[in-house]
Structure formats: structure tokens, C-alpha cells
Amino acid sequence: MLHRAIATKQRPRGWQDYVVSQEWESFTNDDHAVWDLLFARQVDLLGTRVVTPFLDGIDLLRLSHPGVPDLEGLNAILEPRTGWRTVAVTGLVPDEIFFAMLSERVFPVGNFIRTREELDYLEEPDCFHDMFGHIPMLAHHDYADMTKHIGELGSAAIAAGEGHRAARLYWHSVEFGLARELGELKILGAGLASSFGEAHFSLESDEVERLPFSVEKAVNTPYKHDAFQPRYLVSETLEKTIAEVLALTPEELLSL
Ligand SMILES: [Fe+2]
């Protein structure tokens, strides 16, 4: 018995071990009202300042339906479309687990939502950030492929002791990237699309740097976890960035 317990404890944890039930029924009326408030406020704030596939994804996935989305219903639309599905987790997962999930087209979604008292400040990503910010773009076929590829690159980089390279690539594209669309500067990253304060800041502030995106630039540009970014990387077009990331091999990532 004792040996068995020790063996279980020492078994390396796979990403499946981090998955919990969403327990959608346990969201309270106030939780649903907070989602509705955040959703309405953010859609209004973004307008057309976000790349078009993001707005298409909101519609396709019916995210405007009132209340916290139920992951089962979301997956019923998302999975047949791009092969991606969401799973519930209790909070941030370790980088190696996160990249392993992405490499299998699995996106972790926090099983909680912020309270009314902390609408604009979050200790860690909640289901509004995860679902509103990330999931719309995963309905876009090429972007969905790119995100899976970043998962594979991330797993390879961590195995080589160079996880920060993939983390920076992810950060400057999927999380805090900007992109031009018909020449106009738009929000691409989920961290910006889901942020009330940083969405406009990233597009309009005179106090930040906006530099052209390349995988090499992304991999060599540090970022901030706990404050607005001092610099953003701007994709010339979304398509160009997707093609550049998809062409990147793990060996190239380690040599940039
Ligand atoms: Fe995120």
C-alpha cells in the first residue's frame, strides 16, 4: 500500500492530471452576470479594433450567448471546426503542461470567474480571459494550426532547457501581439483583447515601442508579466506571421 502511494506520487504528471470538471452548474447567478458585464463592456470597447477573425470567432462560437459558456457546448462547435477543444483547470498550469496541451489542440480554461470587486485586476487568468481572449481565434483554421505548432515548439524548447524562447514567441504573438489589417493597427493577442485597460493603451499610447514582428525578434524580446507591456510586436499581416511561425522548426527556434 505504502509503495503504491509512493509510486503514484512520483509518477510524472501528464497534462490530463490537471484537468478538472468545469462544474458549470456551480457558477452562481452573480458569476453569470459578471461574465455578461465583462462581455458587453469588452465588445463595446474593442469595436473593430481587433483582427476580423476574432470577431468572426465570437459569432461562430456563439460567445454572445448570455452567461459563462459551458465548455461542452463550446467544444461541440469548436472541435468539429478546427480540432481544438477546451478543458477546465483550476488556475495557471506549468509551462510544460501548457505547451503539451497546445500540442494536442487542447486549451485550458480556468474553472472560475473574477468577482465584481476585481473586474480589472486579476491574479491569474480566469475563464473570461481564457474564453473571450483565446478561444475565438482558435476557430480560425490557420491560427489554430499555428497555436498547435507553438505547443510543439514549446515542448521541444523545454526539453532542451530553453523554454523561455517558446514562451517569448507565444507572448509576443498569441498573448500580446498586434497586427496590421488592410494597413490599420489592430489587436491580435488574447491578453490585449480581454483587457479593459491595455486594449486601447497598446494601440494608442505614445509611451511604448511598436516593432515589426519576426520570430527572431519575438524570441529575443523579453516581456513583463505584471504590468502593461513596454513594447509590442506588430505583425505586418496575420497571414504572414502564421506562415512564419508554422515554418519554424524546433532546431531553428533554439538557434535564433
Ligand atoms: Fe492567455
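Residues numbered from 1 in each chain as written. Predicted model: local features only at pLDDT ≥ 70, side-chain atom pairs only at ≥ 80, totals over all residues. Heavy atoms only, no water.

Undergrad: Summarise helix α8 (residues 163-175); cite the residues concerned and give the values.
TA: Counting buried residues along α8, 11 of its 13 residues qualify, which places the element largely inside the surrounding structure. Residues of α8 that are buried include every one of Gly 163, Arg 165, Ala 166, Ala 167, Leu 169, Tyr 170, Trp 171, His 172, Ser 173, Val 174 and Glu 175, and no others. (Buried < 20%, exposed > 50% of the residue type's maximum accessible area, 1.4 Å probe, protein only. Helix = DSSP H or I, 4+ residues; strand = E, 2+ residues; numbered from the N terminus.)

Undergrad: Any chance you could break down the nonpolar core for me, citing the residues and the numbers?
TA: Among soluble globular proteins, nonpolar side chains are generally buried collectively. Within the largest apolar cluster, 78 residues are counted, with the highest numbers of intra-cluster contacts made by Trp 35, Phe 54, Phe 107, Met 131, Tyr 143, Leu 169 and Ile 187. Contacts of Tyr 143, omitting those with residues within four sequence positions, involve Met 137, Leu 138, Val 174, Leu 188, Leu 238 and Ile 242. (Core = buried A, V, L, I, M, F, W, Y, C linked by side-chain atoms within 4.5 Å. Contact = heavy atoms within 4.5 Å.)

Undergrad: Give a description of the coordination of the iron ion that names residues and reports values.
TA: Geometry sets the ideal angles at a metal, namely 109.5 degrees for four tetrahedral donors and 90 or 180 degrees for six octahedral donors. The protein atoms that coordinate the iron ion are His 129 (NE2), His 134 (NE2), Glu 175 (OE) and Glu 175 (OE), at distances spanning 2.1 to 2.4 Å. Around the iron ion, the four donor atoms sit at angles spanning 54 to 142°, and that spread fits a shape best called irregular. (Donors = N, O, S within 2.8 Å, 3.2 Å for Na, K, Ca; no water. Tetrahedral: all angles 85-135°; square planar, octahedral: opposite > 155°, others 65-115°.)

Undergrad: Give me the lowdown on the packing of aromatic side chains, citing residues and values where you can.
TA: By the definition in use, this model includes 12 aromatic pairs. Put simply, the rings of Trp 35, Phe 39, Phe 54, Phe 128 and Phe 132 touch in pairs and so form one group of aromatic residues. Lying over the aromatic face of Tyr 18, Arg 13 brings its terminal NZ or CZ to 4.4 Å of the ring centre. In this structure, Arg 41 is placed above the aromatic ring of Phe 196, and the distance from its NZ or CZ to the ring centre is 3.8 Å. (Phe/Tyr/Trp six-rings, centres within 6.5 Å; stacked < 30°, edge-to-face > 60°. Lys NZ or Arg CZ within 6 Å of the ring centre and 35° of its normal.)

Undergrad: How would you summarise the packing of helix α5 (residues 95-103) against α8 if you had to cite specific residues and measurements?
TA: Contact geometry for α5 and α8: axes closest at 12 Å, N-to-C directions at 60°. α5 and α8 meet at a crossing whose hand is left-handed. In contact with Phe 98, Phe 99 and Leu 102 of α5, α8 contributes Ala 166, Ala 167 and Tyr 170. Class assignment for the residues of the contact of α5 with α8 results in six nonpolar, no polar and no charged. (Axes fitted to C-alpha atoms, helices over the stretch in contact; angles between N-to-C directions. Left-handed = near helix turned anticlockwise from the far one by under 90°. Nonpolar A, V, L, I, M, F, W, Y, C, P; charged D, E, K, R; others polar.)

Undergrad: How would you sum up the environment of Glu 236? Please name residues and give values.
TA: By the element assignment, Glu 236 lies in the loop between β6 (231-235) and α12 (238-246). The class of Glu 236 is exposed, set by a relative accessible area of 53%. When the C-alpha atoms of Glu 236 and Leu 178 are compared, they prove to be 9.0 Å apart, with 58 residues separating the residues in sequence. A distance of 3.0 Å separates the side chain of Glu 236 from the side chain of Lys 240, its partner in a polar contact. (Polar contact = N/O pair within 3.5 Å; in protein donor to acceptor, adjacent residues only side chain to side chain.)

Undergrad: Outline the sheet that holds β6, listing residues and values.
TA: Spatially, four strands are ordered β4-β3-β6-β5 in an open sheet, and the strand pairing comes out mixed. Each edge of the sheet is formed by a strand with only one pairing partner; in this case those strands are β4 (184-187) and β5 (209-212). Here the strands of the sheet are splayed against their neighbours by 35° on average, with no regard to which way each runs. Of the strand pairs in this sheet, strand β3 (residues 178-181) and β6 are connected by two bridges, and their pairing is parallel. Each bridged residue has a counterpart across the sheet, and for Ala 179 the counterpart in β6 is Ser 235. (Pairing = 2+ DSSP bridges.)

Undergrad: If you had to explain a negative patch on the surface to someone new, which residues and values would you point to?
TA: Among the surface-exposed residues, Glu 23, Glu 25, Asp 70 and Glu 72 lie close enough to one another that they form a single negatively charged patch. By the element assignment, Glu 23 lies in the loop between α1 (2-10) and α2 (29-46). Residue Glu 23 is classed as partly exposed on the basis of its relative accessible area of 48%. (Patch = residues over 30% accessible without salt bridge, like charges linked within 9 Å, V, L, I, M, F, W, Y side chains within 5 Å. Areas by Shrake-Rupley, 256 points an atom, 1.4 Å probe, with all protein chains shown as cover. Salt bridge = Lys/Arg side-chain N within 4 Å of Asp/Glu carboxyl O. Lys, Arg positive; Asp, Glu negative; His and termini not counted. Charge placed at Lys NZ, Arg CZ, Asp CG, Glu CD.)

Undergrad: Break down the pattern of salt bridges for me, with residues and values.
TA: Throughout the structure, instances matching the rule amount to 10 salt bridges. Arg 41 is paired through a salt bridge with Asp 120; the nearest N and O atoms lie 2.5 Å apart. With Arg 41 in helix α2 and Asp 120 in the loop between β2 (106-110) and α6 (127-134), this residue pair connects regions lying 79 residues apart in the sequence. Across the pair Glu 209 and Arg 231 runs a salt bridge whose closest N-O atoms are separated by 3.1 Å. Residue Glu 209 is located in strand β5, and its partner Arg 231 is located in strand β6; the two are separated by 22 residues in the primary sequence. A relative accessible area of 25% places Arg 231 in the partly exposed class.

Undergrad: Residues and numbers for α2, please.
TA: Helical geometry note: an α-helix holds 3.6 residues per turn, so side chains three or four residues apart project in the same direction. Taking 1.5 Å of rise per residue, 18 residues should cover 26 Å, and α2 covers 26 Å from first to last C-alpha, within 8% of that figure. Looking at the buried residues of α2, the elements they touch are α3 (52-60), α6, β4, α9 (190-193) and α10 (198-204). (Expected span 1.5 Å × (residues − 1).)

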